[in-house]
Amino acid sequence: MSYALALRSYEFWLAFYKRTWRGSLATSIVNPVFYLGALGVGLGTLVNRAGTTPGGVDYLAFVAPGVLAATAMQVGTTEASWPVLGSIRWTRVYYAMLATPLGIGDIVVGHQLWMATRVATSSAVYLAVIAAFGGIQSPLAVLALPACVLIGVAFAGPMAAYAATRERDGAFVPVMRFGIVPMFLFSGTFFPISRLPVVLEWVARATPLWHGVDLCRGLTLGTITWSSAVVHVAYLLVWAVGGVALAFSTYRRRLLK
Amino acid sequence: MGESQQLPLVRARGLEKRFDDLVAVDGIDFDVQKGEAFGFLGPNGAGKSSTMRMIGCVSPPSGGELRVLGLDPVKDGAQIRARLGVVPQDDTLDFELTVRENVIIYGRYFGMSRKELRARADRLIEFVQLEDRADSRVEPLSGGMKRRLTIARSLINDPEVLLLDEPTTGLDPQARHVVWDRLHSLKHAGATLLLTTHYMDEAEQLCDRLVVMDKGKIAAEGSPVELIRQYSTREVVELRFPTEPPAEIATSVDGLARRVEMLSNRVLLYTDDGDRTADGIHGRGLAPQSVLVRRSTLEDVFLHLTGRTLVDE
Ligand SMILES: Nc1ncnc2c1ncn2[C@@H]1O[C@H](COP(=O)(O)OP(=O)(O)OP(=O)(O)O)[C@@H](O)[C@H]1O
Ligand SMILES: [Mg+2]
């Protein structure tokens, strides 16, 4: 693997994206506006009136970093599922790349860099929308951007590794249904995990999304501690590095038969 | 050093490829010299693509020895691939991008500059006669046009060896001739071509030398003319029948041909003088639906070597 070569494969994804960026940019603006409008403002009014948010923060400021982290997860997962399987089965672009000096490592890393770029741009838009809604309480919030990229790769790495072993996109349905959706709902995104039954609270604590949510929340609210930041980053790094390493091996087994 | 002692660009000894229990390539030997057009002729599943993929450094050999451009495909894959052009059996074009963008993006994988690529892409697109379609998307192009684009793309890095896996399969006769014409022109310019095919006419047209592959093994090797001389006769008389030829025909044509081959709806008589054999048929009162005298082809060589036809009847 070399970064110069990985960037050549990255460039393909950039060219590929130029065809669809309008639609995807619209989605990445409209989504946060809807979520923050409905949850932060709509539901938030009720929650705030009941006075039950943890630490008494405004519900919008509480939920916004949760949804931000969850979106990084979703973008990372999505970019690593259909596009990866498609590059093997439908467009076969990985095979085109492999006929050139690019190797497996360059293809994996170039694509992961692209996924990280997608996570970074949509998270940046999200952060801007949160700011516009008045949901940011600390300048540390700028660090939520790299945090989101880390969350994105923590999901994109393992997902790409898995996608490279599949034949059909139906294989993604259970991952979404039993992995991504429950994590989205129960990893402290919308309410603190301390409200879960104790067993489930520990399950939630083991999910990479909870670490991402807690990290982002600490940063946008300015309540982060060094120790929790280190734990969250380290845990997410394990998923990201482990996932990408696994992708090296599943890609190799799939493409170099 | 004499011509014949030059280091071969591709050299295989006892080369093997296994997929679990299946032996796709079963210990083959060959050398490809610079400037040669070398073919692998064989039916479906013979192991042609498996061999090409090993040469293209995208499939590690399971056994034997393989050298490409004097290097080891397992260790020096990237270095070798930088100097190869590959036309895979199934196109890997990007249907959403234009013809020109496909060539340019591909050139970027080789690290060429955009400026350089723009000029080269135009020349290659012209070479494969797609200049009218340079700015249209790939998806609506015909099969022949897509194949030509794949060929143009494979030439972007000025390859020292061009690997063509079934360059014309699935194309109509006219489209095939356009591709052949382009490959001929590459050949005349001194390119080294390795190609697979299950069309004997393609092998005869394009290859200086070829190997006949069957079930992972090389059944014969030589130039098309040599192979025909060695394994067939100068001419063939085909007797066609509306139904299965009567079994006793084998004895009734006795002495008219050097060899007789019975197929499902025809009988092939291998002979050095087709007209005399055809006359003899009429003399013996046989009444096939039609009698055709033709020159011997590689198809006959294959049939003789394996007892089967190249393309399923
Ligand atoms: N990736 C693979 N996994 C398992 N078996 C394979 C794989 N690739 C090829 N084979 C098997 O190896 C044998 C040789 O296949 P190969 O594709 O090399 O033949 P071919 O001569 O190119 O045939 P065709 O004319 O159909 O393209 C076949 O039996 C095929 O099923
Ligand atoms: Mg093949």
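Notes on the overall build of chain B
Then, in step 1: Scanning chain B for helices and strands turns up eleven helices and 13 strands.
Then, in step 2: Counting only C-alpha atoms and orienting by the principal axes, one finds that chain B spans roughly 75 × 45 × 40 Å.
Then, in step 3: Among the 313 residues that make up chain B, the fraction classed as buried is 54%.
Then, in step 4: Within chain B, counting contacts between residues at least 6 apart in sequence, those at least 24 apart form 68% of the total.

Describing the domain arrangement of chain B
Then, in step 1: According to the domain assignment, chain B contains domain 1 (3–222) and domain 2 (233–295).
Then, in step 2: When each unit is reduced to the centre of its C-alpha atoms, the spacing between domain 1 of chain B and domain 2 of chain B is 39 Å.

Remarks on the coordination of the magnesium ion (ligand 2)
Six octahedral donors around a metal ideally sit at 90 or 180 degrees from one another, while four tetrahedral donors ideally sit at 109.5 degrees.
Then, in step 1: Coordination of the magnesium ion (ligand 2) by the protein involves Ser49(B) (OG) and Gln89(B) (OE1), with metal-donor separations of 1.9 to 2.1 Å. Taken together, the residues Ser49(B) in helix H1 (residues 48–55) and Gln89(B) in the loop between strand S5 (84–87) and helix H3 (99–109) connect sequence positions 40 residues apart.

Some thoughts on the sheet that holds strand S3 (residues 37–41) of chain B
All names here are of chain B.
Then, in step 1: Read from one edge of the open sheet, six strands run S5-S6-S7-S3-S8-S9, paired in mixed fashion. Of all the strands in the sheet, the pair left with one neighbour each is S5 and strand S9 (217–222). Neighbour to neighbour, the strand axes of the sheet diverge by 15° on average, direction disregarded.
Then, in step 2: Strand direction decides the pairing type here: strand S8 (residues 209–214) and S9, joined by five bridges, are antiparallel.

Overview of the site of ligand 1
Then, in step 1: As a matter of local geometry, ligand 1 sits amid 15 residues, with Asn44(B), Gly45(B), Lys48(B), Ser49(B) and Ser50(B) nearest to it.
Then, in step 2: More than a single chain frames ligand 1: its nearby residues are located in chains A and B.
Then, in step 3: At a separation of 2.9 Å, an oxygen atom of ligand 1 approaches a polar side-chain atom of Asn44(B).
Then, in step 4: One of the side-chain nitrogen or oxygen atoms of Ser49(B) is found 2.7 Å away from an oxygen atom of ligand 1.
Then, in step 5: The fraction of the free accessible surface of ligand 1 (630 Å²) that becomes covered by protein chains is 67%.
Then, in step 6: Listing elements by their share of the shell around ligand 1, those giving two or more residues are strand S2 (22–32) and H1 of chain B.

With respect to the pattern of salt bridges
Then, in step 1: In the structure shown here, the tally under the stated rule is 32 salt bridges over all chains.
Then, in step 2: A salt bridge links Arg108(B) to Glu11(A); the shortest N-O distance between them is 2.8 Å. Separated into two different chains, Arg108(B) in helix H3 and Glu11(A) in helix H1 (residues 3–17) make up a pair that spans both.
Then, in step 3: Arg89(A) is the partner of Glu167(A) in a salt bridge, and the nearest nitrogen-oxygen pair spans 2.8 Å. Taken together, the residues Glu167(A) in the loop between helix H7 (144–163) and helix H8 (172–186) and Arg89(A) in helix H4 (residues 82–89) connect sequence positions 78 residues apart.
Then, in step 4: Classification of Glu167(A) by relative accessible area gives partly exposed; the value is 39%.
Then, in step 5: The network of salt bridges with common partners includes Glu238(B), Arg240(B), Arg266(B), Arg294(B) and Asp300(B).

A few points about the state of the cysteines
All names here are of chain A.
Then, in step 1: Evaluation of the coordinates by the stated rule reveals zero disulfides over all chains.
Then, in step 2: Cys216 supplies the cysteine sulfur nearest to Cys148, a cysteine that is in no disulfide, at a spacing of 4.0 Å.
Then, in step 3: When its relative accessible area of 0% is taken as the criterion, Cys148 is described as buried.

Side note on the environment of Gly42(A)
Then, in step 1: Assignment of secondary structure puts Gly42(A) in helix H2 (residues 21–50).
Then, in step 2: Along the primary structure Gly42(A) and Leu60(A) are separated by 18 residues, whereas in three dimensions their C-alpha atoms are 9.3 Å apart.

A few points about the confidence of the model for chain B
If pLDDT is low for a region, its predicted coordinates should not be looked at in detail.
Then, in step 1: This prediction gives chain B a mean pLDDT of 92; 97% of its residues lie at or above 70.
Then, in step 2: In the predicted assembly, ipTM is 0.90 and pTM is 0.92.

What to know about H1(B)
Residue pairs three or four apart in sequence face the same way in an α-helix, which turns once every 3.6 residues.
All names here are of chain B.
Then, in step 1: Along H1, seven of the eight residues are buried, which leaves the element largely enclosed by surrounding structure.
Then, in step 2: Of all the residues in H1, the buried ones are Lys48, Ser49, Ser50, Thr51, Met52, Met54 and Ile55.
Then, in step 3: A positive backbone phi angle near 60° is found at Cys57, which sits one or two residues after H1.

Let's talk about the sheet that holds strand S4 (residues 63–68) of chain B
All names here are of chain B.
Then, in step 1: Read from one edge to the other, the open sheet built from three strands follows the order S2-S1-S4, with strand pairing classed as antiparallel. Only two strands of the sheet have a single partner each, and these edge strands are S2 and S4. With strand direction ignored, the average angle separating the axes of adjacent strands in the sheet is 25°.
Then, in step 2: Pairing of strand S1 (residues 10–19) with S4, which is carried by five bridges, proceeds in the antiparallel orientation. By the bridge assignment, Val10 is partnered in S4 with Val68.
Then, in step 3: Along the sheet, H1 contacts S1, S2 and S4; its crossing angle with S2, the most-contacted strand, is approximately 60°.

Rules behind the numbers
- Residues numbered from 1 in each chain as written.
- Chains lettered and ligands numbered in written order.
- Predicted model: local features only at pLDDT ≥ 70, side-chain atom pairs only at ≥ 80, totals over all residues.
- Heavy atoms only, no water.
- Helix = DSSP H or I, 4+ residues; strand = E, 2+ residues; numbered from the N terminus.
- Buried < 20%, exposed > 50% of the residue type's maximum accessible area, 1.4 Å probe, protein only.
- Contact = heavy atoms within 4.5 Å.
- Domains from an automatic or database assignment.
- Donors = N, O, S within 2.8 Å, 3.2 Å for Na, K, Ca; no water.
- Pairing = 2+ DSSP bridges.
- Axes fitted to C-alpha atoms, helices over the stretch in contact; angles between N-to-C directions.
- Near = heavy atom within 4 Å.
- Polar contact = N/O pair within 3.5 Å; in protein donor to acceptor, adjacent residues only side chain to side chain.
- Areas by Shrake-Rupley, 256 points an atom, 1.4 Å probe, with all protein chains shown as cover.
- Salt bridge = Lys/Arg side-chain N within 4 Å of Asp/Glu carboxyl O.
- Disulfide = S-S within 2.5 Å.
- pLDDT = per-residue confidence, 0-100.

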